[in-house]
Amino acid sequence: MTEYGRGPGSEPWHPEDPLYGDSGWGGQAPAGDTSTYGGQGQYHQPHQHQQPHQSQSPYGGDWGTGQQQAAYDQSGYGGQQQYEGDPAQVYNGGQDAYNSGGWETGAQGQVPYSGDPMDPYAGQQAGYGQESPDYYSTPDAYEPPEPPGHRRPTVPEQESGPETDWDPGPDRGEHAFFAGGDEDDDDEHARRAGRGDRRGGRGGKKSKKRRSGCACLVVTLVFAGGLGGVGYFGYQFYQDRFGTAPDYAGDGSGEATVDIPKDSGGYAIGQKLKEAGVVKSVDAFVSAQGKHPEGQSIQAGVYVLKKRMSAASAVELMLNPKSRSNLIIPEGKRNAWVYERIDDRLKLAKGTTENVAKKEWKTLGLPDWANTHKDIKDPLEGFLFPSSYPVAKGQKPADVLRKMIAHANEKYEDLDLKSKAAELNLKDPLEVLTVASLVQAEGKYKHDFEKVATVVYNRLKPNNTETYGLLDFDSTVNYLKGESKLAIGSVDDLRKVKDPYNTYKIKGLPPGPIGNPGEVALNSALHPAKGNWYYFVSVSEDRTLFAETNEEQNRNREKYLKGQ
């Protein structure tokens, strides 16, 4: 008998019995006089307690005293029963207790059950006078038998391996957050688990975790951030490929000076203009430059433009020579002329740049072979290479000079002045540069520069019998005087002038260059023509006569005087 089973009296089923209302489980014969279990009764677990007020034994005899006694522990659910008499009378297959499912006394009561074939522990006898073992509460025990209406079909165990197309429920590992569990489910589960423990360890499902509000927030933020990122980069991609580049409208206003470096392409120019506030975007300028038929002819230099211009207006203005603010240094110009032009462009007082050159020449980037003579008048002479340089208001004189010297160094390295000096019997690259400055100053036409260079090298020979090592160049006297005259005086007067740059008195080359030679003069100094010329004179605008002796030179001078 279970603690919930019907006795011989009229007590109803216990309302907490999990099998309450299940016909055929309490021992009654189901409809049609057919036993649900094939004529066999099913007994309930002996460890469950009985109601203590039963007075009649349904087994056709008593166990020693004719009364059935139940012993309870302190909790009332100790699971212990003590019986007197022969226990075989109870579990003998029903031979002594009932016949054909009825009671011998005619009274209707609960039918004792024989062992259930589905119960793995049915064949084991319970102990008497001692604690009855609970075969269903151990961890490895089989599940206890279930009522007929609650039995589930046996599902064969599947071999371990990867499962596909399987959606786990909360009791198979799915997190409670996605299963939708809440506190009510947890409470209900706790109540069921308590009854399950009393029924031999049939614990219910594992506790479900509460929904995490923080996890929900994190997932939402991550999802929103991902969508935002995808949208942003998608928009940028569309703008870069198909969108119209941002651009200003109109011709702009104000003033902006932009220095475009050498060999700058469209994107580099556009970046400079954008940084100066001239155009709104680089792409807009590149597009406008590509559409203009002469857009690719924009050169390096300094441009005076306006701010907030449309890209098309900026391209148009940069192609206009009036916008350029470059200082062009012609070939052969002396440093004194260059200094004055820099002061004028930078709106500085006269002499400012010259003073900077004298005081800061060591910091302006001269090569180590420059200024090697103690009598050099200007260390920067010959290093302000003839070219076009960006010079505009706002720049510093030292910065302008550094750019010019840097450009000269590049040219001199390309020409390899160091190695050529030894081949020409010169001491160092500075002397090569000095020869080139003399060729630039003395030669009138570039097609004669190589012969003029030959005259220089021939006169430098100490054993020549024409000049005896003297150059006798008017250009050196003009340099030391800071003049540019044709009539500088008689030879006798010139030989009296004491100055290291006076080649009428001092043999050899002057201490340093007397101007800034161009590429043609430099190449002529490096590759002089072959000949024995010691003299030359220009008799017309495009003709220079060369002579090997002084007598021949005098005849050429007469031709020159006739042409005047």
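Right, let's walk through the structure included here. Since this is a predicted model, take the numbers as computed values, not measurements. (Residues numbered from 1 in each chain as written. Predicted model: local features only at pLDDT ≥ 70, side-chain atom pairs only at ≥ 80, totals over all residues. Heavy atoms only, no water.)

A look at the packing of aromatic side chains
What counts here: Each Phe, Tyr or Trp ring (for Trp, its six-membered ring) is paired with any other whose centre lies within 6.5 Å, and the angle between the two planes then decides the class: stacked below 30 degrees, edge-to-face above 60, tilted in between. Going along the chain from the N terminus, every DSSP run of H or I of four or more residues is numbered as a helix, and every run of E of two or more is numbered as a strand. Between buried and exposed lies partly exposed: a residue is buried under 20% and exposed over 50% of the maximum accessible area for its type, with that area taken using a 1.4 Å probe on protein chains only.
The final tally for this structure, using the stated rule, is seven aromatic pairs. Their ring planes at 75 degrees and their centres at 6.2 Å tell us that Phe 385 and Tyr 412 sit as a pair that is edge-to-face. A residue pair is termed long-range when its members are at least 10 positions apart, and Phe 385 in the loop between helix H8 (352-360) and strand E6 (388-390) and Tyr 412 in helix H9 (residues 397-415) qualify at 27 residues. For Tyr 412, a relative accessible area of 3% corresponds to the buried category. Taking the centre distance of 5.7 Å and the plane angle of 35 degrees together, the rings of Phe 536 and Phe 546 count as tilted. Residue Phe 536 is located in strand E7 (residues 535-540), and its partner Phe 546 is located in strand E8 (residues 543-547); the two are separated by ten residues in the primary sequence. Across this residue pair, the class does not change: Phe 536 and Phe 546 are buried.

Quick word on the packing of helix H11 (residues 429-442) against helix H13 (residues 474-481)
This is how the line gets drawn: Helix axes use the C-alpha atoms of the stretch in contact, all axes being lines fitted to C-alpha atoms, and the angles between their N-to-C directions lie in the range 0 to 180 degrees. For classification purposes, an angle smaller than 35 degrees is called roughly parallel, one larger than 145 roughly antiparallel, one from 65 to 115 roughly perpendicular, and anything else oblique. Contacts were defined at the residue level, with two residues in contact if any of their heavy atoms lie within 4.5 Å. Gly falls in the polar group here, along with every residue not listed as nonpolar (Ala, Val, Leu, Ile, Met, Phe, Trp, Tyr, Cys, Pro) or charged (Asp, Glu, Lys, Arg).
Packing of H11 against H13 brings their axes to within 9 Å, and their N-to-C directions diverge by 100 degrees. Here H11 lies roughly perpendicular to H13, going by the angle between them. Counting all contacts with H11, which are made through Leu 438, Ala 441 and Glu 442, the residues of H13 involved are Asp 474, Ser 475 and Thr 476. In terms of residue class, the contact of H11 with H13 is built from two nonpolar, two polar and two charged.

What about the pairing of E8?
Threshold: Strand pairing follows a simple DSSP-based rule, namely that at least 2 bridges must link the two strands.
Counting buried positions over the five residues of E8 gives four, a clear majority of the element. Two elements, E7 and E8, share five bridges in a ladder whose sense is antiparallel. Bridge pairing links Phe 536 to Phe 546 in E8.

A short note on the pattern of salt bridges
We apply this condition: By convention in these notes, a salt bridge is any Lys or Arg side-chain nitrogen within 4 Å of a carboxyl oxygen on Asp or Glu.
Across all of its chains, the model carries ten salt bridges by this definition. Measuring nitrogen to oxygen at the nearest pair gives 3.6 Å for the salt bridge that ties Arg 341 to Glu 340. Exposure remark for Arg 341: the relative accessible area of 30% places this residue in the partly exposed category. With a shortest N-O distance of 3.1 Å, Glu 519 and Lys 411 are connected by a salt bridge. Taken together, the residues Glu 519 in helix H15 (residues 519-526) and Lys 411 in helix H9 connect sequence positions 108 residues apart. For Lys 411, a relative accessible area of 21% puts it in the partly exposed group.

Quick notes on helix H12 (residues 449-459)
Within H12, nine of the eleven residues are buried, which leaves it mostly tucked inside the rest of the structure. Listing the buried residues of H12 in full gives Phe 449, Val 452, Ala 453, Thr 454, Val 455, Val 456, Tyr 457, Asn 458 and Arg 459. Looking at the buried residues of H12, the elements they touch are H11, H15, E7 and E8.

Notes on the nonpolar core
Cut-off, in case you're wondering: As used here, the term nonpolar core means buried Ala, Val, Leu, Ile, Met, Phe, Trp, Tyr and Cys residues forming a set that is joined through side-chain atoms within 4.5 Å.
Core analysis: the biggest nonpolar cluster contains 58 residues, and Leu 380, Phe 383, Met 404 and Tyr 412 have the highest contact counts within it. Those elements that provide at least two residues to this core are helix H7 (335-346), H8, H9, helix H10 (417-423), H11, H12, H13 and H15. Top element by residues in this core is H9. It accounts for eight residues. In this view, Phe 383 contacts Leu 366, Pro 367, Trp 369, Ala 370, Met 404, Ile 405, Ala 408, Asn 409, Tyr 412, Leu 430, Leu 433 and Asn 516; residues no more than four positions away in its chain are not counted. The next biggest cluster of nonpolar side chains, apart from the first, holds 18 residues, and it includes Val 258, Ile 260, Val 278 and Ile 298.

Considering the environment of Glu 558
Mapped onto the secondary structure, Glu 558 falls in helix H16 (residues 550-562). Sequence spacing of Glu 558 and Val 539 is 19 residues, and the spatial spacing of their C-alpha atoms is 9.2 Å.

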